[in-house]
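An overview of the molecular structure
Here is what each chain is made of, one letter per residue.
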Amino acid sequence: MKAYFSSVYRRIRKLKRRTQIFWVALIAGLLWFGFCLPNPLFQSPTSYVIEDAQGELLGATIAADGQWRFPYNESVPEKFKQCIISFEDKRFSYHPGIDPLAMLRALKQNIQSSQTVSGGSTITMQVIRLSRNKNRNIFQKLIETILAARLEIARSKKHILALYASHAPFGSNVVGLDAAAWRYYGRAPDKLSWGETAALAVLPNAPSLVHPGKNRESLLIKRNRLLDKLREEKKIDSTTCLLAKLEPLPEEPKPLPQLAPHLLQRFKQEAAPGDYTRVQTTINRHLQNTVAQIVEQHHRLLKGNGINNACALVLAVETGKTLAYVGNAYHPENPVLQSNVDIITSRRSPGSALKPILYAGMLTDGLLLPHTLVPDIPTQIGGYTPQNFDRDYDGAVPASRALSRSLNVPAVRMLRDYKYPRLYDLLKKTGISTLSQPADHYGLSLILGGCEVTPWDMAGLYAGMARALNHAPKNNGKVLSKDFHAPYYLAAARQQGSSSTVHATQTATLNFVDPVSLWYMFQAMEEVMRPGEEGLWKQFSSAQRVAWKTGTSFGFRDAWAIGVTPRYVIAVWAGNGSGEGRPGLIGVQAAAPIMFDIVRALPASPWFAEPTLQYTPIAVCRQTGFRANTNCTDIDTLKASPNAVNTPLCPYHTIIHLDAEQQYRVTENCAAPSAMVHKSWLVLPPAMEWYYKRKHFDYQPMPAYKPGCAVSETHQPMALIYPEPDAKIYVPREITGQKGRTVFTAAHQKPEAKVFWHLDDEYIGTTVHTHQMALDPKPGTHFITLVDETGERITRRFMILEKEE
């Protein structure tokens, strides 16, 4: 009995052990089955693909492994779905990833043919095989069967079909339905006919059938057999089947669209590893084509002058969307042109294109009124000597006109008053991201192109200004931080919330610009004379109103034109990517014509509304543009920034006393007060007056004193224009090799006055009317002294340098 129980016990233990092994194996098998499916299923590199705002293809790159493989697309056209199910897996909709009937059919066919003619794989199994890319044998077939069953549990039929359509081979180096449709037919897959779709549906089964000149008959037979099957299954009618059979087979692969090659290149560079490589952009396809054609037309002309590159960018003001992005005139066949360089993201000198921002900033801070006279005379500030483009001076010019004429000297003098660190901060706050050096690195040259800016930032800056002015009425006359946000080109970017370029809460009020100042800024920019139209555009009611500004960098290396309407911002650049300068490479000639052609292609929009909130009425002197003082007789009232109450009073109008005939000035020493005529008179300082009266013939200098009157001048009638005090002067040699001479310039309010010149206390000459003297002092420190007939005296120290500092 004991032996019996011992035997039973051993059998029970053995059974338990087997049961345990069974359950362990079962659990292990279930765990393996649960985690056997790779995630992600496909790891092959994909093409970078960009689409326009409507989802149409703009361009694509080849994948890193040399395949045209578009990213996974969850949308499968109905025609392809019907074709591929009929051809590959008619029970796809209801089998669990494995079709036993298809396997038995394949086994029978293979035995009858004594070779493998059919695999019996379902679409699900083919997805697994494509993802694993293993040698085909019985063991791998078993693994594929198990993984296919697991995939059916994890994914929907729609998803599995989309995986197949996105990764099936279509011959040559074409993978996926999207790439195949574009490569073979030049259209999106949902735009294909039944005949075209059927031809693509039979290719994954034998991708080598698509090869120009080879296997064409086999492909035709397969396609037509599929069409007949579709007709038999009532998926198409007889007429459709007949017409589809008449359609030609695909020929050589077609090139993919390249409508925005530089935007595609930018997306590829900015995409993070692992990001989905197919995106929808904000590009307007029609406008993109139009702008590209305009740039190309002008590029043909510019190239004749050795100007090889041009770009254009169009933004929507309200949203910041990029509507057109032409990074360069695209000629990849000619590497000398460097057309692959995306100028829109390249750092270039802006020339004068930032002057309007200074103007708006000074108006906002109450340092200036819109038409205040600004000195335009020879100026030297700490060794820096700015010059106007035409090398001439106006003496004094209204600030608004200085902006519209893009005068350099008034701009530098304005920046000296505004302070360049303040402008530096303003530019950074409004979206200029390329100011990588401290403010002192740029100094006063910041306003004349002494920094680097990208067309992308420049367009974003002006779009923010226009947006702020448009939104002012609903923002209670204020500028909010949310008005200044970076432009964007990805359709999803704005939905996710693009970052504001101003680091503040979205509803914070900004104080560096206000709507009234922005309105005056755009008004001044509108007054710029359009190239080739000489102001005649105003005579045509259909002409688009546009505020615009050009820029030309030092050495004629960069030509800019920025156009702004309430709805659009257009940024255009022309030049050479290499930085080579060319004569005639100036904004108004090279870039502005491109910009205006683009403006004409845009829908017209109403002009900016004049602000009606948050302004202060200011009485201004009509002649000088300053806040009117008690001596100003011709007064206007205009809307100005609230800070305008702090602007200085007019310094140029003063009361003078004339004799009864108003021919001479008199004093109490030679005329009774009752016999005097007291009159307000515009009196400019001597240097300003000397240049101003050359271009303003209506300017009247103060009358001379009546003979016999004792003169007691309250201001200095003579000024030394050049050099500035303690100037350091380097005189280069002339082209002949001879030593150059320095032209010293002075001005006197009396036209007939004689000025006696002395260098280091040695008399060197006398001038009348035009007070200029060309000298060549030796290197070192010197003193120049001027004395007029009345004994008025000016002495100034300067230094001549042996070599340029």
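Whatever comes next refers back to the structure up there.
Residues numbered from 1 in each chain as written. Predicted model: local features only at pLDDT ≥ 70, side-chain atom pairs only at ≥ 80, totals over all residues. Heavy atoms only, no water.

So, on to the side chain of N73. Along the chain, N73 turns up in the loop between strand 3 (68-69) and helix 2 (78-88). A distance of 3.0 Å separates the side chain of N73 from the backbone nitrogen of S75, its partner in a polar contact. The residues touching N73, leaving out its near neighbours within four places in the chain, are A162, S166, D178, Y276 and R278. (Helix = DSSP H or I, 4+ residues; strand = E, 2+ residues; numbered from the N terminus. Polar contact = N/O pair within 3.5 Å; in protein donor to acceptor, adjacent residues only side chain to side chain. Contact = heavy atoms within 4.5 Å.)

With omega at 10 degrees, the peptide bond leading from Y722 into P723 counts as cis. Mapped onto the elements of the fold, P723 is located in the loop between strand 17 (718-722) and strand 18 (727-730). Of note in this structure, S172 is not a glycine but carries a positive phi near 55 degrees. Secondary-structure assignment places S172 in the loop between helix 6 (157-167) and strand 4 (174-175). Unusually for a residue other than glycine, D760 sits at a positive phi of about 50 degrees. Its location among the elements puts D760 in the loop between strand 20 (754-759) and strand 21 (762-768). The exposure class assigned to D760 is partly exposed, which follows from its relative accessible area of 37%. (Buried < 20%, exposed > 50% of the residue type's maximum accessible area, 1.4 Å probe, protein only.)

Read across the open sheet, the three strands follow the order 2-1-5; overall the sheet is mixed. The open sheet terminates on both sides in strands that have one partner only, identified here as strand 2 (57-60) and strand 5 (278-280). Recorded for the sheet is a direction-independent mean angle of 15 degrees between the axes of neighbouring strands. Across the sheet, helix 11 (residues 261-270) is in contact with strand 1 (49-51), strand 2 and strand 5; its angle to strand 1 comes to roughly 125 degrees. (Pairing = 2+ DSSP bridges. Axes fitted to C-alpha atoms, helices over the stretch in contact; angles between N-to-C directions.)

Moving on to the sheet that holds strand 20. The strand order across the open sheet formed by five strands is 18-24-23-20-21, and the pairing between neighbours is mixed. Two strands lie at the open edges of the sheet, namely strand 18 and strand 21, each paired on one side alone. Strand-to-strand twist across the sheet, computed as the mean angle between neighbouring axes with direction ignored, equals 30 degrees. Summarising the sheet, strand 18 and strand 24 (residues 793-801) pair through four bridges and their orientation is parallel. Residue pairing for strand 24: Y730 is matched across the bridge by L801.

A separate point is the packing of aromatic side chains. The description of an aromatic ring pair rests on the distance of the ring centres and on the angle between the ring planes. One pass over the full model with this rule turns up 16 aromatic pairs. Pairing Y325 with W456 gives two aromatic rings, centres 6.2 Å apart and planes at 55 degrees, and the pair type is tilted. With a gap of 131 residues between them, Y325 in strand 7 (residues 322-326) and W456 in helix 18 (residues 455-471) connect regions that are remote in the sequence. With respect to class, Y325 is no different from W456; both count as buried. (Phe/Tyr/Trp six-rings, centres within 6.5 Å; stacked < 30°, edge-to-face > 60°.)

Let's shift gears to the state of the cysteines. Tallying each qualifying case throughout the model produces zero disulfides. Considering cysteine sulfurs only, C632 is the nearest to C621, which forms no disulfide, with 3.5 Å between them. Since its relative accessible area comes to 2%, C621 is described here as buried. The closest cysteine sulfur to the non-disulfide-bonded C650 is located on C632, 3.9 Å from its own sulfur. (Disulfide = S-S within 2.5 Å.)

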